[in-house]
Amino acid sequence: MAGSRLEKFGTVFTRVRDLMRSGVIKLSEKPIWYDVYKAFPPKRTPLYVKPHTRPSTKKQETVPEIFYREDEVRVKFYEQYGPGPWPLDLFKSNFVSTCQRFVDKYSELKSQRKLDDSALFEETGKALLAEGIVLRRRGAPTVSGEPKDPVLGLKLTDMLAQQQSDSADSDKTVEHTPHTQTP
Amino acid sequence: MATRALAKGFLGLRLSRVVPIRFFCGGHQYATAAPVHSAQPENDIVTEKILNEPLENPDFFRVSELFSLKDLFDARVHLGHKKGCRHRLMEPYLYGCRLDQDIIDLDQTVEHLQQALNFTAHIAYRGGIILFVSRRRQFSHLVECTAKDCGEYAHARYWQGGLLTNAPVQYGPGVRLPDLIIFLSTLNNVFQQHVGIRDAAKLNIPTVGVVDSNCNPSLVTYPVPGNDDTPAAMELYCRLFKMTINRAKDKRRRMERIYSLLAPSTQSS
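Computed from a predicted structure; not experimentally measured.

Trainee: If you had to explain the overall build of chain A to someone new, which residues and values would you point to?
Mentor: Secondary structure assignment for chain A yields six helices and zero strands. Along the chain direction, N to C, the helices and strands of chain A fall in the order α-α-α-α-α-α. Residue burial in chain A is summarised as follows: out of 183 residues, 26% are buried. Across chain A, the fraction of contacts at a sequence separation of at least 24, relative to all contacts at a separation of at least 6, is 45%. Just so you have it, chain A exposes about 14300 Å², and 56% of that area is on carbon and sulfur atoms.

Now the structure itself:
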């Protein structure tokens, strides 16, 4: 079967068309796809494009960067609070992350009241707290309701000092053994 | 040339899977061995009608109903590679760049995919051989299963240099080459353009290819800009191609049955 192996000149269609016009390919040997291509040509003719080898041509930024207005809020949120208490579940397409809830609340409050950015930020934090999401500031100690367990605050020197004072009193008081020392 | 020795089905015996050979009752009109035109002129007219009728309709096989933009988005088709991997020729198909990751324009993808599926359907309707090619090892099984389900061929293994260009020597004389090659990933394992694209262009075989943001779409006849790395996206493409091909073949069988029922009445009249 005759053909033309020059893939860098013209498209598949033009080559076959010209071969048929010149009689190299008979009508009986017409490829199946010829009529279909003629009826439904592609958007861009599949011509071979030579690769640019010269590095001197300056690259123009034709692909725009995608940024949204809410990105400013998101930047501040991530700077202050870190990634948020819950991990992102990407398996669900309708999943709303903590950051997204924050942004939604922020835009809601912004449309309702007239406050400046930092005040709005605080307000959104409080609003989310009211809904039950605890936002932990990055770097700062955890803000929790209940007081810390006193055992965690024990220091070894204090414990030794207490033991010595206790052993001094042990003659007077019988059952005053200190609690087990935390190693 | 008339040998129906579809040796393509046994591509690289030691490498790829055997795909069932299927025969078309409609017959391939263009592989004429001994011309029998004078005996049945009506048959030819009927086949001409069967073949030309779908070309008049812009969407004869209703492929636009098979998918929507939301389906593409859910399958993460819009996600491209990073900005540094971007191919210069893919820039017109990109919507933008979000934090250095390229986002493919799904409006364009919808149009391109529609054209590609429509072309595939027409080729399958006319009894063309379709070859699925993908060098991604992650999806080789999926590609081969897809090809088996629609009764077409797949080559998801190492592409030997002379597979298409040296086919008569490798597979014997009179091999019938594919009429359409569908690339589910246009890159090979070393991130260079797959040899098959250039070979298909050399042998005047049209190609349909899923081009990611780091691929070269220039030689692909019907490129489809989209993600080729995510399993969800690949499953979507395989499903769409399988459905179009099956639809096209069913349609062909139905048309032939209709015309064969009509034919006796035309002969008598």
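That covers the picture; the talk isn't over yet.
Trainee: I'd like a description of the domain arrangement of chain A, backed by residues and values.
Mentor: Quite often, the size of an interface is put as the accessible area lost when its parts meet. Examined at the domain level, chain A breaks down into domain 1 (1–49) and domain 2 (69–131). Taken over C-alpha atoms, the centre of domain 1 of chain A sits 57 Å from the centre of domain 2 of chain A.

Trainee: Can you tell me about the sheet that holds strand 8 (residues 222–225) of chain B, naming the residues and giving the values?
Mentor: All names here are of chain B. Spatial strand order, 5-4-6-7-8: five strands in an open sheet with parallel pairing. At either end of the open sheet lies a strand with only one pairing partner, and these are strand 5 (153–155) and strand 8. Adjacent strand axes in the sheet meet at a mean angle of 20°, parallel and antiparallel pairs treated alike. With three bridges connecting them, strand 4 (residues 130–134) and strand 5 associate as parallel partners. Following the sheet pairing, Leu 131 is matched in strand 5 by Tyr 153. Most of the contacts of helix 3 (residues 106–125) go to strand 8, to which it runs at about 140°, and overall it touches strand 4, strand 6 (180–185), strand 7 (207–211) and strand 8.

Trainee: An account of the interface of chain B and chain A is requested, with residue identities and associated values reported.
Mentor: The interface of chain B with chain A comprises 47 residues on the first partner and 38 residues on the second. Both faces considered, chain B and chain A share a buried interface measuring about 3700 Å² in area, 59% of it formed by carbon and sulfur atoms. Across the contact surface, chain B and chain A share five salt bridges. Applying the counting rule to chain B against chain A returns 17 residue pairs in polar contact (both at pLDDT 80 or more). Within the residue set of the side of chain B that touches chain A, elements represented by two or more residues are helix 1 (41–56), strand 2 (94–98), helix 3 and helix 6 (195–202) of chain B.

Trainee: How would you summarise the sheet that holds strand 3 (residues 101–104) of chain B if you had to cite specific residues and measurements?
Mentor: Residue and element names in this part refer to chain B. In space, the three strands of this open sheet follow the order 1-3-2, with antiparallel pairing throughout. The sheet terminates laterally at strand 1 (79–82) and strand 2, the two strands that pair on one side only. Taken pair by pair, the neighbouring strands of this sheet meet at an average axis angle of 30°, ignoring direction. Bridge count for strand 2 against strand 3 is four bridges, and the pairing is antiparallel. Bridge assignment links Cys 97 to a residue of strand 3, and that residue is Asp 102.

Reading guide: rules and limits
Residues numbered from 1 in each chain as written. Chains lettered and ligands numbered in written order. Predicted model: local features only at pLDDT ≥ 70, side-chain atom pairs only at ≥ 80, totals over all residues. Heavy atoms only, no water. Helix = DSSP H or I, 4+ residues; strand = E, 2+ residues; numbered from the N terminus. Buried < 20%, exposed > 50% of the residue type's maximum accessible area, 1.4 Å probe, protein only. Contact = heavy atoms within 4.5 Å. Areas by Shrake-Rupley, 256 points an atom, 1.4 Å probe, with all protein chains shown as cover. Domains from an automatic or database assignment. Pairing = 2+ DSSP bridges. Axes fitted to C-alpha atoms, helices over the stretch in contact; angles between N-to-C directions. Buried area = accessible area lost by both parts, 1.4 Å probe. Salt bridge = Lys/Arg side-chain N within 4 Å of Asp/Glu carboxyl O. Polar contact = N/O pair within 3.5 Å; in protein donor to acceptor, adjacent residues only side chain to side chain.

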